Structures are given as structure tokens and as C-alpha cells.
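Structure at a glance
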Amino acid sequence: MKDSLLDKMTRDFEVSVKQMRQIKAAMGKEMDAGLCGGKSSLAMLQAYCDAASGKEKGFYPALDLGGTNFRVMMVKIFGGGRKPKVVAEAKYKLTREQISGAGDVLFGAIAGYLKKFMKENKFTAEYGMGYTFSFPVKLLGIDEGILMRWTKDFSATGVVGKKVVELQRQAMAALGLNNVNVVALANDTVGTLQTQAVVDPNCVMGVILGTGFNICVRVASRRIRKGVGKYHGKCMIINMEAGNFNKALPLTAYDRQLDKESGNRGGQLAEKMISGKYLPQLVRLIVVDLVKKEKLFAGRVPEIFRHKDTFQAFYMDVLESGSEKEVGKLAKQIFGRVLTVEERLVLVLVCHAIARRSARIAAALISGALTRVEKRSKNKVAVAIDGSLFEKYPGYHRMLEEAISEIEGVKGKGISLKLTKDGSGIGAAVIAAVVSKAD
Ligand code: BGC
């Protein structure tokens, strides 16, 4: 196969240091505009809490909704800066009908799973619960918020523009679930920051690099010009909804096509270049182009690439770094035969170029966000990161770190990236503890 189109693709997906610095600068400006309530691609939503002190204690249940896997957990928070422990946990897979049918069906299903979990584990005391709801929610206070729009292919009807905790409480009451009350509503980035903050006083930023992408930051309350309501703290965490960032991004024809075919055209542009939901879709678009123009796969589009969502992020991991045996097994499963050396090489190059670009854009956005954070000490800044892309994608952590060093011009420059597993769920419980202590 001629390598011209492949060469062009790899070139187009490379993000130079100059481009990363431009993204970083644009990020700072968009943050300032969003904090003033001005025109910005960053919603900069108030989270109505500051980073946890580590002194919080108790047992708190948490709900974690952010993808098709929905989780319920009971978390023990020890105080004394010790890592919280998940004492019971259950995962449920939401059906298509639940995520895209009527809102009542979604909240009813969540209430049903919660009730089952409390009953099976004999949690009969009264509990204040944390609720991680990982979509753009404009909080009205720590325990209520309005859904601005759905992302990540959720589309349950009758929820956008409504108070999500109220809907959840109604569904819980309808099932007679009376010993649990939602006391805190949070985004998964905020939960992740809080989980790390309990053990690490330098943590001032939470990032999700998984199915979706987003960042939250701790900022000084005086800089939030659009108001903080009855909140009295000197600093507040802000859910930036960074996935919607749309300035200085090096969009290619493939990105435009992906966006055009998406359910939220024009929105979440950074997320569409960074997160695990979209990277496999980019692989698909490029491979289809290579099949058509350069006769890859003998000029026939393999079945797995014929539909939008069948090629998964997990396949990219295996193709890029799996053993001979793993790649062979996967190829048989998804292509029905082993790959030729050339086919495999092309797939590796495509996956790598897309994942590397994701890490470099994410690095630029993290560096940009760091310019506006309020530190908790003079020490290093810790960035809490959760999500399968960061945790599992081969080399992702390293590429992210290297790109940050390139942007900052100094290796490490006082920034440490901390994998914060299960941060979104545990963090909701931590916020429930922070709120309960403040009462
Ligand atoms: C949502 C964010 C969320 C992120 C990571 C995005 O699609 O808009 O609220 O934090 O996904 O889950």
C-alpha cells in the first residue's frame, strides 16, 4: 500500500508544542470568561464545596451515574487523612431504554437498584447520600441542580431543564425508600478531586479521561463573578465542563465528519478529540477512508467498521500493545480472520496517532486549567485523574506527562498526575461527609 494517505493522517494528528501552548492560552481566557458568566465554551459550573480536609468521617452511600454502567456503593470514611474504603458495591448495566426512554424510567431504575442494594446489605440506618451525576448540571446548591444537556449518548426525555435530585427523590419515594436522602450532588471530576484531596492536601484539580472527558478546578470564590449564592467558603471547586472547549483545536476532516454524525453536533468538540467514547469512532473513519482510497483490507470495509459504535476503545489497546496471541484472538473475533502484517501495522499506526493526539490536547487543557487554580500549599500541585483511558491505554499516562513537560518547558514542573481509581463514586460519599460535617 502506498503510504501517502497514512503519512498525511499521522502528520495531521500530530499536535506541536506551539499548538499545545496556543490551546493552553485559549483555555485560560475561556475560563476567565466562563467565571464571569460571559460568552465561553466552558460552562464553569459552581460545585458549592471546597476540597475535603481529610478530617471527615462516617458511612455514606453513593450513587454513580455517568455511563451505561451505573454503580451503588457504601463508603467508610475514616478521617485522619486515610484513604476511604468501599465496604459494599454493586454495578448494574443500564439498558438502552433506560438511558434513552422516558426520564421516569431512568430514575425509577436507579431507585430500584439502590433499594435492592440497601436491602441485600441490610443497611437500615438513616443515611445522607452523595450522588455523582456526570453530565453538565447547573447546581443550585450542594444538593440540587438542573440538567443543562445530556452528553455521551444519554437522551432520556423530560430531564433536561429539570431538577435531577427532585426527580430522583420522587422515584425513591415511590418505591418507599425512606432511609436514604440525597445530601450532595456532584460531577465525577469533583468526586475524583475530593477522593484524592482526602489523602493529599496538594490536590486542586480533578480530571476524567474515560468514556467522557472533563476537568474541575479549585478557584478563589472572589474570582467567581457570576455568584456563589449562600456559599461562604474562600475557595470553591468549579466543574468546567471542559469537554465542550472549542478554541484553537486542530480539527481534521475526520473530526468534522465525526461531529456531523454525532447526536450533539457542534458540542463537546474537545471531548470528541480526547475521550474513549470517540477515539474508536475516529479509527473507524480513518480506516474506512484507507479502505476506499488505498485498498486496505483488499478494498472491502470489514463488518466491524460498518457501524458507528461497534469498534471499541478496548480493541485499540489490544491492537496497539497486545501480545501476538492476544492480537490474533481479537482479529479472529472482530475481523473473522488473522490480520496481514500490513493491516496490523496500519491499525497500530492509526490507533497510536489518535491516542497520542488525545493525550497532547488533554495535556494542553490541563496546563491551561492549572494557570487559574488556587493552590492549597506551596508544594507541588496534584492532579487527580480517573478513567479507563488514563488508567489502561498503553502509554497514555507517559504521553500526557511528556506533553505537559514540553508545554511547561521544564520536566515535571511541580505537577504530579495521580491515578485516583473509583474517584467518581467514592468522591460523592466524601462530599456527603463534607456537607454533613458543615451542618
Ligand atoms: C460530561 C461531564 C463529565 C464527563 C466525564 C462529559 O460528557 O459532560 O459532566 O464530567 O463526561 O464523565
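Residues numbered from 1 in each chain as written. Predicted model: local features only at pLDDT ≥ 70, side-chain atom pairs only at ≥ 80, totals over all residues. Heavy atoms only, no water.

Overview of the overall build of the protein chain
Counting its secondary structure elements, the protein chain contains 15 helices and 13 strands. Against the globule reference of 22 Å for 439 residues, the protein chain gives a C-alpha radius of gyration of 22 Å, in line with a compact fold. Across the 439 residues in the protein chain, those meeting the buried criterion constitute 59%. Residue pairs at least 24 apart in sequence account for 71% of intrachain contacts in the protein chain once pairs closer than 6 positions are excluded. Taken as two groups, the 68 positive and 44 negative side-chain charges of the protein chain have centres that lie 3 Å from each other. (Helix = DSSP H or I, 4+ residues; strand = E, 2+ residues; numbered from the N terminus. Rg over C-alpha atoms; globule rule 2.2 N^0.38 Å. Buried < 20%, exposed > 50% of the residue type's maximum accessible area, 1.4 Å probe, protein only. Contact = heavy atoms within 4.5 Å. Lys, Arg positive; Asp, Glu negative; His and termini not counted. Charge placed at Lys NZ, Arg CZ, Asp CG, Glu CD.)

Some thoughts on the sheet that holds strand 5 (residues 127-133)
As summarised here, the arrangement of the five strands in space is 4-3-2-5-8, forming an open sheet in which the pairing is mixed. Among the strands making up the open sheet, the edge pair consists of strand 4 (85-93) and strand 8 (180-186). Each neighbouring strand pair of the sheet contributes to a mean axis angle of 20 degrees, computed without reference to strand direction. Where strand 5 meets strand 8, six bridges bridge the pair, whose relative direction is parallel. From the neighbouring strand, Thr 132 faces strand 8, where its bridge partner is Ala 186. Helix-sheet contacts for helix 5 (residues 164-174) involve strand 5 and strand 8, and the interaxial angle to strand 8 is about 160 degrees. (Pairing = 2+ DSSP bridges. Axes fitted to C-alpha atoms, helices over the stretch in contact; angles between N-to-C directions.)

A closer look at the site of the ligand
Residues in contact with the ligand amount to 14 residues; listed here are only the nearest, Lys 152, Asn 187, Asp 188, Glu 241 and Glu 271. With respect to the ligand, the backbone of Phe 135 contributes an N or O atom lying 3.4 Å from an oxygen atom. A distance of 3.0 Å is found between an oxygen atom of the ligand and a side-chain nitrogen or oxygen belonging to Asn 214. Alone, the ligand offers 310 Å² of accessible surface; in the complex the protein occludes 98% of this. (Near = heavy atom within 4 Å. Polar contact = N/O pair within 3.5 Å; in protein donor to acceptor, adjacent residues only side chain to side chain. Areas by Shrake-Rupley, 256 points an atom, 1.4 Å probe, with all protein chains shown as cover.)

Some details on the environment of Val 219
Mapped onto the fold, Val 219 is located in strand 10 (residues 213-220). Overall, Val 219 belongs to the buried group, its relative accessible area being 0%. If we skip the residues at most four places from it in the chain, Val 219 touches Leu 35, Ile 224, Lys 234, Cys 235, Met 236, Ile 238, Arg 372 and Glu 374.

As for the side chain of Glu 320
Along the polypeptide, Glu 320 turns up in helix 10 (residues 313-321). Despite its burial, Glu 320 remains without a salt bridge, the nearest opposite charge being carried by Arg 398 at 7.0 Å. (Salt bridge = Lys/Arg side-chain N within 4 Å of Asp/Glu carboxyl O.)

A word on the sheet that holds strand 1 (residues 45-46)
Ordered by their spatial adjacency, six strands build an open sheet running 1-11-10-9-12-13, and the pairing between neighbours is mixed. Each edge of the open sheet carries a strand with a single partner, namely strand 1 and strand 13 (415-419). Relative to strand 13, helix 14 (residues 396-408) is tilted by about 165 degrees, and along the sheet it contacts strand 9 (203-209), strand 12 (381-386) and strand 13.

Remarks on the domain arrangement of the protein chain
Domain annotation for the protein chain reports domain 1 (1-46 + 200-421) and domain 2 (58-186). Here the C-alpha centre of domain 2 lies 27 Å away from the C-alpha centre of domain 1. The interface of domain 1 with domain 2 comprises 12 residues on the first partner and 10 residues on the second. When domain 1 packs against domain 2, close to 820 Å² is buried across both sides, 53% of that on carbon and sulfur atoms. Residue Lys 277 pairs with Asp 153 through a salt bridge whose shortest N-O separation is 3.1 Å. (Domains from an automatic or database assignment. Buried area = accessible area lost by both parts, 1.4 Å probe.)

Thoughts on unusual backbone geometry
Positive phi outside glycine occurs at Tyr 48, with the angle close to 55 degrees. Note that Tyr 48 resides in the loop between strand 1 and strand 2 (58-65). The phi angle at Asp 153 is positive, at roughly 70 degrees, despite the residue not being glycine. For Asp 153, the location among the structural elements is in the loop between strand 7 (144-147) and helix 5.

Topic: the nonpolar core
Counting 164 residues, the largest nonpolar core has Phe 133, Leu 209, Ile 215, Met 240 and Phe 305 as the members making the most contacts within it. Here the element with the most residues in this core is helix 12 (residues 341-370); it accounts for 16 residues. (Core = buried A, V, L, I, M, F, W, Y, C linked by side-chain atoms within 4.5 Å.)

A few points about the pattern of salt bridges
All told, the structure shown has 24 salt bridges when counted by the stated rule. The partner of Arg 360 in a salt bridge is Glu 406, and the shortest N-O contact between them spans 2.8 Å. Here Glu 406 lies in helix 14 and Arg 360 lies in helix 12, a separation of 46 residues in the sequence. Since its relative accessible area comes to 5%, Arg 360 is described here as buried. When salt bridges with common partners are traced through the structure, they connect Glu 14, Arg 356, Arg 360 and Glu 406 into a single cluster.

Let's talk about the packing of aromatic side chains
Inspection of every chain in the model, using the stated rule, returns 18 aromatic pairs. Geometrically, the ring pair formed by Phe 123 and Tyr 127 is edge-to-face, given 6.2 Å between the ring centres and 80 degrees between the ring planes. For Phe 123, a relative accessible area of 15% translates into the label buried. Take Tyr 127: its relative accessible area is 15%, and that puts it in the buried class. Through successive ring pairs, a cluster of aromatic residues spans Phe 107, Tyr 131, Phe 133, Phe 135, Trp 150 and Phe 154. The ring of Phe 78 has Arg 82 lying over it, and the distance from NZ or CZ to the ring centre is 4.0 Å. Positioned above the aromatic ring of Phe 135, the side-chain terminus of Lys 152 is 4.8 Å from the ring centre. (Phe/Tyr/Trp six-rings, centres within 6.5 Å; stacked < 30°, edge-to-face > 60°. Lys NZ or Arg CZ within 6 Å of the ring centre and 35° of its normal.)

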